[in-house]
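Commentary on secondary and tertiary structure
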Amino acid sequence: MDVSELLNDLNKPQRDAVAAPLGHARILAGAGSGKTRVLVHRIAWLIQAEGLSSANILAVTFTNKAAAEMRGRIEEMLGYPIGGMWVGTFHGLAHRLLRLHWQDVNLPQSFQILDSDDQQRLLKRLIRSLNLDEAQWPAKQAQWFINAQKDEGLRAANIQVGNDPYSKTMQQIYQAYEQACERAGVVDFGELLLRCHELWLKRTDILAHYQQRFSSILVDEFQDTNTIQYAWLRLLAGEQGHLFIVGDDDQSIYGWRGAKIENIQKFHQDYPQANTVRLEQNYRSTGNILAAANAVIANNSERLGKQLWTADDDGDPVQIYQAFNERDEAQYLVQMVQQWVNQGGERSQCAVLYRSNAQSRVIEEALMQAAMPYRVYGGLRFFERAEIKDVLAYLRLIANRRDDAAFERVVNTPTRGIGAATLTQLRQIARETDQTLWQTATDMVEQNSLAARAANALSGFLTLIDSLTPIDDSMALHELTQLVIDESGLKAFYSKDKSEKGQGRLENLDELINATREFMRADTEEDMPLLDAFLAHAALEAGEMQAGAWQDCVQLMTLHSAKGLEFPVVFMVGMEEGLFPGQKSAEDPMRLAEERRLCYVGMTRARKTLYLMHTESRYLYGQEMHPRPSRFLAEVPVEHCHEIRSRQPAGHLSGLTSRQQTVSENGYHPGQQVMHQKFGPGVILDTEGSGTHARVQVNFKQAGSKWLVLAYANLETL
DNA sequence: GATCAACGGCTTTTT
DNA sequence: GCCGTTGATC
């Protein structure tokens, strides 16, 4: 094969990166500069030009989605499956290593993974059992503390507390948490990496084995690595391995969860011989959008420095829209999407990006009002739903009786007469004897140390779990799941709830059975019990599992979740001081810089048209604010933008007018003649509610009777 | 054990 | 202003 083909359709810097000599390399890849392409080509290059075996390569990403995409594109390029290559997330790869070496890291073979919610529940119980005031020591804060320590590679014993009562207590909680996890044989996300790192430090023979095997390590989104992840990489690379890291310091937006933007500079110090290649040609956005984004990010100091450019046309100027209030903002956005659609565009090519999830509501209302399909990204994922986690907890307990978190979750779910008093006693004895809840419960039942009723209930639960546990692997996973759902009483429990919510839960349970039926163990997990593999999958890939047909929908998401995506039309809403950047971020230069990078990420998502929107008035947390336009707007050079102010059609959109309407009981009464722009003349039949939710029922001559939300209807009185 | 009122919190998210 | 959690009550 002629390897030069691999370089044919690449630009000069891309070629330099792909064909870099074997050794360390640092690729600074601007937004839309073909980053994934370079990674994929580099891997092909390593195999075809450098003669590496795919088994010598390890590629790390942050999300499962990115890992799956990379694997797919490599296989497509090479034309054959790359079984021996390790491609995965940091957590996925660490998990794989721990499964292989469970004995060396002191874990039960069936160890389970605690997700964020499990972790928080466990901490809550521990804080209670330590007799600490829950109001003063919220589980959430302890969780944050512990995860931050683990991200730094620190165990409870390694923390310098000094005389500070805060860290002292936190350390105490951390310590109790470590013990609880140990006893239950569970690990949290941070633990996967930490434990793996410790394994390598302790067992140099094991480390040497992997160092020898993975001579080439490629890392995506390197600017998002935290301390332990970088340490993990350096350890694995050792003296001989080659690190090929790709990142963009301007797109580092996860500092608040431990990502160390400075790792990208540190890399340069740690590996001074590494080549640095800058990918600055952008293949995504028009000239105006790029110039605007460049100008904004230029206000950050301490950048490694990149100047994106495009061979593309200038395109339209960036549209800056000043609205009266958030409803006007939403309405204008809807109009612009409509315009795009009328010109032959698709709704799914339009994305609405906001700083915080709470902002989606007003937009959703406006979209609904216009009967425009949309999809909101983010929110609860499938495997994180309560009813799903209930079933998973049963399965976890079946797989591993030591799993206290799972025990706690389902021992009385659905209620089976095991009361708070029994549980308190159970927990206390378990703590005193340093045993698992399961073991303690078994002992208590055997020793008859409980009142008859409680003993019956508890023993019923223990028998239930035992009876659900398959004796051999003749039972399919979905049959087991079905059995658990039926026999546990969860099905009956949720069936009682006739509300829409309850019905949805039942459907989710069916969906879970489907998921188990379709679940395929990865080749690498062949020697792992199917149930364990499935549970790990559920924890590590909580999954979007977005049901629903793939309609042509407007895409709504936070700026954070837009990273890595691109859309022809992008609306960035709520560009106001106090919101974006947020109040707290504005006061701290480091955080402000991160907000600015977030702005840069948002702007560079747009291919053709970018709308930056802000309002003069906005309801936030039940209060009306009059925010200043975001400083980021002022950083967009005038020559690249076009400002639009909301015209004031019939005065119905301004905050002032809608308040007047509210005060005067909306000003409508049955029998009144009104005129609607689309539906024509009609007569008011009824009115309902007040304020922004006020609605009127109108009988239109042509369109018949309709309920309309006053705030949107734009009715004229006749 | 279920139901309801009072209370507090409130960027951003993956694994 | 909304939502989830908690505590009191029947």
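Residues numbered from 1 in each chain as written. Chains lettered and ligands numbered in written order. Predicted model: local features only at pLDDT ≥ 70, side-chain atom pairs only at ≥ 80, totals over all residues. Heavy atoms only, no water.

**Some points on the pattern of salt bridges**
Applying the stated criterion across every chain yields a total of 46 salt bridges. Between Asp117 and Arg121 there is a salt bridge, with its nearest N and O atoms 3.3 Å apart. Taken as a pair, Asp117 and Arg121 lie in helix H5 (residues 116–129) at a separation of four residues, close to a single helical turn. Note that Arg607 is salt-bridged to Glu566, the shortest N-O span being 3.8 Å. Of this pair, Arg607 sits in strand E14 (residues 606–620) while Glu566 sits in the loop between strand E12 (554–558) and strand E13 (567–572), and the two are 41 residues apart along the sequence. Looking at Glu566, the relative accessible area reads 39%, which means it is partly exposed. Several salt bridges converge on common partners, so that one network encompasses Asp115, Asp117, Asp118, Arg121, Lys389, Asp390, Arg396, Asp403 and Arg409. (Salt bridge = Lys/Arg side-chain N within 4 Å of Asp/Glu carboxyl O. Helix = DSSP H or I, 4+ residues; strand = E, 2+ residues; numbered from the N terminus. Buried < 20%, exposed > 50% of the residue type's maximum accessible area, 1.4 Å probe, protein only.)

**Overview of the protein's contact with DNA strand C**
Near DNA strand C, the surroundings consist of Lys124, Arg361, Tyr621 and Gly622. Close to the protein, within 4 Å, the atoms of DNA strand C belong to sugar or phosphate groups at a rate of 50%. (Near = heavy atom within 4 Å.)

**Things to note about the state of the cysteines**
Scanning all chains against the criterion turns up zero disulfides. Distance from the sulfur of Cys196, which forms no disulfide, to the nearest cysteine sulfur (Cys181) is 17 Å. We note that Cys350 lacks a disulfide partner, and the nearest cysteine sulfur, in Cys553, lies 12 Å from it. (Disulfide = S-S within 2.5 Å.)

**A word on the packing of helix H18 (residues 437–446) against helix H19 (residues 452–468)**
With their axes 10 Å apart at the nearest point, H18 and H19 run at an angle of 125° to one another. Judged by the inter-axis angle, H18 sits oblique to H19. Seen along the crossing, H18 lies across H19 with a hand that is left-handed. Mapping the contact onto sequence places Trp438, Ala441, Thr442 and Val445 in H18 and Ala455, Leu458, Ser459, Phe461, Leu462, Ile465 and Asp466 in H19. Looking at the contact of H18 with H19, its residues break down into eight nonpolar, two polar and one charged. (Axes fitted to C-alpha atoms, helices over the stretch in contact; angles between N-to-C directions. Parallel < 35°, antiparallel > 145°, perpendicular 65-115°, else oblique. Left-handed = near helix turned anticlockwise from the far one by under 90°. Contact = heavy atoms within 4.5 Å. Nonpolar A, V, L, I, M, F, W, Y, C, P; charged D, E, K, R; others polar.)

**Structural notes on the protein's contact with DNA strand B**
For DNA strand B, the set of nearby residues contains 24 residues, the closest of which are Arg355, Asn357, Thr558, Arg591 and Glu595. Backbone atoms, meaning sugar plus phosphate, form 52% of the atoms of DNA strand B positioned within 4 Å of the protein. The contact in question runs from a base oxygen of DNA strand B to an N or O atom on the side chain of Arg591, over 2.6 Å. Of the residues belonging to the surface near DNA strand B, the class tally is six nonpolar, 13 polar and five charged. (Polar contact = N/O pair within 3.5 Å; in protein donor to acceptor, adjacent residues only side chain to side chain.)

**Things to note about the confidence of the model for chain A**
Per-residue pLDDT for chain A has a mean of 89; in total, 93% of the residues score no lower than 70. Note on residues 649–665: pLDDT under 50 across the span, and 18 contacts to partners over four residues away in sequence or across chains. (pLDDT = per-residue confidence, 0-100.)

**Considerations on the UniProt feature "domain: UvrD-like helicase ATP-binding" (unreviewed entry) in chain A**
Sites flagged by UniProt as "domain: UvrD-like helicase ATP-binding" (unreviewed entry) map to residues 8–286. Note that residues 8–286 is 49% helix and 13% strand, and that its end C-alpha atoms are spaced 24 Å apart. (UniProt positions renumbered as here; feature names shortened; annotations may be inferred.)

**Concerning the UniProt feature "binding site: ATP" (unreviewed entry) in chain A**
As annotated in UniProt, the feature "binding site: ATP" (unreviewed entry) corresponds to Ala29, Gly30, Ala31, Gly32, Ser33, Gly34, Lys35 and Thr36 in the numbering used here. Considering only the annotated residues already named, the ones lining the second largest cavity are Ser33. Assignment of secondary structure puts Gly32 in the loop between strand E1 (25–29) and helix H2 (35–48). Ignoring sequence-local partners within four residues, the contact set of Gly32 consists of Gln281, Asn282, Tyr283 and Arg284. (1 Å grid on protein atoms, 1.4 Å probe; cavity = no way out; pocket = protein on both sides within 12 Å on 5 of 7 lines; lining within 4 Å.)

**Thoughts on the sheet that holds E1**
In spatial order, the strands read E3-E2-E6-E7-E1-E8; together these six strands make up an open sheet with parallel pairing. Sheet topology places strand E3 (86–89) and strand E8 (275–279) at the edges, where each strand pairs with a single neighbour. Here the average twist between neighbouring strands, direction ignored, is 15°. Two strands pair when backbone bridges link them, and E1 and strand E7 (residues 242–247) are joined in this way by four bridges, in the parallel orientation. Of the residues in E7, the one forming a bridge with Arg26 is Ile245. Helix H3 (residues 64–78) rests against strand E2 (57–61) and E3 of the sheet, and its axis sits at about 160° to E3. Its contacts with the sheet put helix H11 (residues 263–270) on E1, E7 and E8, and the angle it makes with E1 is roughly 150°. (Pairing = 2+ DSSP bridges.)

**Things to note about H5**
Each full turn of the α-helix corresponds to 3.6 residues, which orients residues three or four apart in the same direction. Along its 14 residues, H5 runs 20 Å from first to last C-alpha, staying within 8% of the 20 Å computed at 1.5 Å per residue. Among the residues making up H5, those that are buried are Asp118, Gln119, Leu122, Leu123, Arg125, Leu126 and Ile127. Between the side-chain oxygen of the N-cap and the backbone nitrogen of Asp117 there are 3.0 Å, and the N-cap of H5 in question is Asp115. Positioned one or two residues after H5, Asn131 has a phi angle of 60°, which is positive. (Expected span 1.5 Å × (residues − 1).)

**Considering the packing of helix H13 (residues 326–342) against helix H14 (residues 360–369)**
Between H13 and H14, whose axes approach to 9 Å, the crossing angle comes to 50°. Between H13 and H14, the angle falls in the class oblique. As for how H13 packs across H14, the hand of that crossing is right-handed. For the pair H13 and H14, the contacting residues are Glu326, Arg327, Ala330, Gln331, Leu333 and Val334 in the first and Val362, Ile363, Ala366 and Leu367 in the second.

**Details of the nonpolar core**
Among the nonpolar cores identified, the biggest contains 92 residues, and Trp200, Ile217, Trp232, Phe407 and Phe461 are the most heavily contacted of them. Each of domain 1 (3–98 + 194–281) and domain 4 (382–540) accounts for three or more of the residues forming this core. Among residues more than four places away in sequence, those in contact with Phe407 are Leu397, Leu426, Leu437, Trp438, Ala441, Phe461 and Leu462. One finds Ala351, Leu559, Cys599 and Val601 within the second-largest nonpolar core, a separate group that totals 37 residues. (Core = buried A, V, L, I, M, F, W, Y, C linked by side-chain atoms within 4.5 Å. Domains from an automatic or database assignment.)

**Comments concerning the environment of Arg596**
Structurally, Arg596 is set in helix H25 (residues 589–603). Look at Arg596 and you get buried, because its relative accessible area is 7%. For the pair formed by Arg596 and Gln251, sequence separation is 345 residues and the distance between their alpha carbons is 9.5 Å. Here Arg596 is in contact with Val296, Ile297, Asn299, Asn300, Arg631, Phe632 and Glu635, once residues within four sequence places are set aside.

**A short note on empty space enclosed by the protein**
In total, this model carries two cavities of 30 Å³ or more according to the counting rule given. Approximately 40 Å³ is the volume found for the largest cavity. Lining of the largest cavity is provided by Leu22, Gly23, Arg42, Leu46, Ser216, Ile217, Leu218, His242 and Phe244. The set of elements that each furnish at least two residues to the lining of the largest cavity consists of H2, strand E6 (216–219) and E7. Of the residues forming the lining of the largest cavity, the biggest block, three residues, is contributed by E6. In this structure, the second largest cavity spans a volume of roughly 30 Å³. Considering the residues around the second largest cavity, the lining is formed by Asn11, Pro13, Gln14, Ser33, Leu279, Glu280 and Gln281. The residue inventory of the lining of the second largest cavity, partitioned by class, reads two nonpolar, four polar and one charged. (Points joined across faces, edges and corners; volume = space filled by probe spheres on them.)

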